[in-house]
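So the chains spell out like this:
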Amino acid sequence: MATALIEENLRPDGTIVHEELISGALGITYLVSNDEGGADTTVSSLDTFMIAMMLNPVVQREAQKSIDEVLQGERLPNLDDRPSLPFLDALFMEIQRWKPVVPGGIAHRSTHDDIYEGILIPKGTMIIFNVMAIMHNPDDFPNPEIFNPYRFLESDGDKHTLKKVENDPLNTAFGYGPRKRVYRICPGRHFATSWLWLEMSTILAIFDISPMIDAAGNDILPDLEYVPAVVSHPKPFQVSLKRRDNIGAVLAAADLI
Ligand code: HEM
């Protein structure tokens, strides 16, 4: 990001157009993507993915089945496969909805007087949108505590297409973007979505995800109470990743084993 911004704004005399803006953008990107001692937004989402998969083996098998159908045991997934794998997008949407990474949103300040449903919001008011309440509103998402990616899919047998939903959880997860005079939205959303999509699909292609087993033979299940913070994340948990039987040749061909 730094290289691209500097190269695009470099003058022939070696000075940089918008240098202050560029260093501000780089600074805030560094802070946002490395906050909370490394427990950052994408890591929190990946943790939620692991937890959701170990608690929902049927969903996991369905996701693996759709990946296997596209890849035919010949290669690992890449971003060109995304349109062919709507189940993975639904999984991503449900991860952001079920355990939102920024559950209390990011505070904003109104820049002018506004009227909302008859109530005056004076200029300068701090506004905090309750992401968790929006994502767990049972009118929009029935049984909101249940992890259920099918809520975002039209399914005909095992053929899935993404459903058009009124309240797309990704709009809430990443901020609401351009609205009249408001232009705040996560600038990392496309990067985060692509990165997480690739991580999720690759992990599912290679591994079976399940709970660890204790000495008495019981599943060691994760605590679903997340650590409350601006960027929320689960408490440390254990997970078992077992290489799937059918993937050895693909990994060997990719020089990964
Ligand atoms: C699942 C992953 C992520 C989620 C859920 C997320 C969510 C958010 C939210 C809700 C905001 C506040 C938007 C607002 O002002 O209302 C935000 C801001 C921001 N995000 Fe993300 N984010 C994620 C990943 C990333 C990544 C990977 C980067 C950088 C590579 C990033 C960079 C930023 C920056 C720089 C801001 C501040 C923008 C500003 O103040 O105008 N985010 N993010």
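Everything numeric in this text was worked out from a predicted model, so none of it was measured.

Calculation rules
Residues numbered from 1 in each chain as written. Predicted model: local features only at pLDDT ≥ 70, side-chain atom pairs only at ≥ 80, totals over all residues. Heavy atoms only, no water. Donors = N, O, S within 2.8 Å, 3.2 Å for Na, K, Ca; no water. Helix = DSSP H or I, 4+ residues; strand = E, 2+ residues; numbered from the N terminus. Domains from an automatic or database assignment. Patch = residues over 30% accessible without salt bridge, like charges linked within 9 Å, V, L, I, M, F, W, Y side chains within 5 Å. Areas by Shrake-Rupley, 256 points an atom, 1.4 Å probe, with all protein chains shown as cover. Salt bridge = Lys/Arg side-chain N within 4 Å of Asp/Glu carboxyl O. 1 Å grid on protein atoms, 1.4 Å probe; cavity = no way out; pocket = protein on both sides within 12 Å on 5 of 7 lines; lining within 4 Å. Points joined across faces, edges and corners; volume = space filled by probe spheres on them. Nonpolar A, V, L, I, M, F, W, Y, C, P; charged D, E, K, R; others polar. Expected span 1.5 Å × (residues − 1). Buried < 20%, exposed > 50% of the residue type's maximum accessible area, 1.4 Å probe, protein only. Pairing = 2+ DSSP bridges. Near = heavy atom within 4 Å. Polar contact = N/O pair within 3.5 Å; in protein donor to acceptor, adjacent residues only side chain to side chain. Core = buried A, V, L, I, M, F, W, Y, C linked by side-chain atoms within 4.5 Å. Contact = heavy atoms within 4.5 Å. Phe/Tyr/Trp six-rings, centres within 6.5 Å; stacked < 30°, edge-to-face > 60°. Lys NZ or Arg CZ within 6 Å of the ring centre and 35° of its normal.

Colleague: Residue-level account of the coordination of the iron atom of the ligand, with values.
Modeller: Just one protein atom donates to the iron atom of the ligand; it is C186 (SG), sitting 2.3 Å from the metal. With respect to the secondary-structure elements, C186 resides in the loop between helix 7 (169-174) and helix 8 (189-206).

Colleague: Tell me what's going on with the domain arrangement of the chain, and back it up with residues and numbers.
Modeller: Often, the extent of an interface is quoted as the loss of accessible area on bringing the components together. Domain annotation for the chain reports domain 1 (1-38) and domain 2 (41-103 + 131-253). Inter-centroid distance (C-alpha atoms) of domain 1 to domain 2 is 30 Å.

Colleague: Please give an account of a nonpolar patch on the surface that cites residues and values.
Modeller: A contiguous nonpolar patch, built from L55, L221 and L224 and spanning about 230 Å² of accessible area, is present on the exposed surface. Positionally, L55 belongs in helix 3 (residues 41-55).

Colleague: Lay out empty space enclosed by the protein with the relevant residues and their values.
Modeller: Under the definition given, this model contains 2 cavities of 30 Å³ or more. By volume, the largest cavity amounts to about 70 Å³. Lining the largest cavity we find I67, D68, L71, G73, R75, A205, R244, N246 and I247. When grouped by side-chain class, the residues that make up the lining of the largest cavity number 4 nonpolar, 2 polar and 3 charged. Lining the second largest cavity, in full, are E62, K65, S66, E69, D158 and H160. Per-element tally for the lining of the second largest cavity: the top contributor is helix 4 (residues 57-71), with 4 residues. Class assignment of the residues belonging to the lining of the second largest cavity gives a composition of no nonpolar, 2 polar and 4 charged.

Colleague: For helix 3, give the residues involved together with the corresponding values.
Modeller: In this model helix 3 runs 21 Å from its N-terminal to its C-terminal C-alpha over 15 residues, within 8% of the 21 Å that 1.5 Å per residue would give. Of all the 15 residues making up helix 3, 11 are buried; the element is thus mostly covered by neighbouring parts of the structure. Turning to helix 3, its buried residues number three or more, namely T42, S44, S45, L46, T48, F49, M50, I51, A52, M53 and M54.

Colleague: Help me get a handle on the pairing of strand 6 (residues 159-162), residues and values and all.
Modeller: In this sheet, strand 6 lies alongside strand 5 (residues 153-156) in antiparallel orientation, the contact comprising 4 bridges. Residue pairing in the sheet places S155 in a bridge with H160 of strand 6. Counted along the chain from strand 5 to the antiparallel partner strand 6, the turn is 2 residues long, and its residue G157 has a positive phi close to 65°.

Colleague: An account of the site of the ligand is needed here, citing residue identities and associated values.
Modeller: Not every one of the 19 residues close to the ligand is listed here, only the nearest: T41, H108, A173, R184 and C186. A distance of 2.7 Å separates an oxygen atom of the ligand from a polar side-chain atom of H108. Elements that contribute at least two residues to the shell around the ligand include exactly helix 2 (19-34), helix 3, helix 7 and helix 8. Class assignment of the residues belonging to the shell around the ligand gives a composition of 11 nonpolar, 7 polar and 1 charged. Two domains share the shell around the ligand, each providing at least three of its residues, namely domain 1 (1-38) and domain 2 (41-103 + 131-253).

Colleague: Could you give an account of the nonpolar core, naming the residues involved and the relevant values?
Modeller: Grouped together as the largest cluster of nonpolar side chains are 35 residues, with contacts concentrated most on F49, M53, L88, L91, F147, L204 and I209. Broken down by secondary-structure element, the contributors of at least two residues to this core are helix 3, helix 4, helix 5 (86-98), helix 7 and helix 8. Top element by residues in this core is helix 5. It accounts for 8 residues. Excluding anything up to four places from it in sequence, L91 contacts F49, M53, V59, A63, F147, P149, M200 and L204. Grouped together as the second largest cluster of nonpolar side chains are 5 residues, L76, I206, I247 and V250 included.

Colleague: Please give an account of the packing of aromatic side chains that cites residues and values.
Modeller: Taken as a whole, this structure holds 3 aromatic pairs when the rule is applied. Taken together, a centroid distance of 5.5 Å and an interplanar angle of 75° make the contact between F87 and Y150 edge-to-face. In this pair, F87 is assigned in helix 5 and Y150 in the loop between helix 6 (131-135) and strand 5, connecting sequence segments 63 residues apart. By relative accessible area, which is 28% here, Y150 ends up partly exposed. With a centroid separation of 6.2 Å and an interplanar angle of 70°, the aromatic rings of F141 and F152 are classed as edge-to-face. One end of the pair, F141, is in the loop between helix 6 and strand 5; the other, F152, is in the loop between helix 6 and strand 5, with 11 residues separating them in the sequence. According to the relative accessible area criterion, F152 is buried, its value standing at 0%. One cation-aromatic arrangement involves K99 over W98; the distance from NZ or CZ to the ring centre is 5.3 Å.

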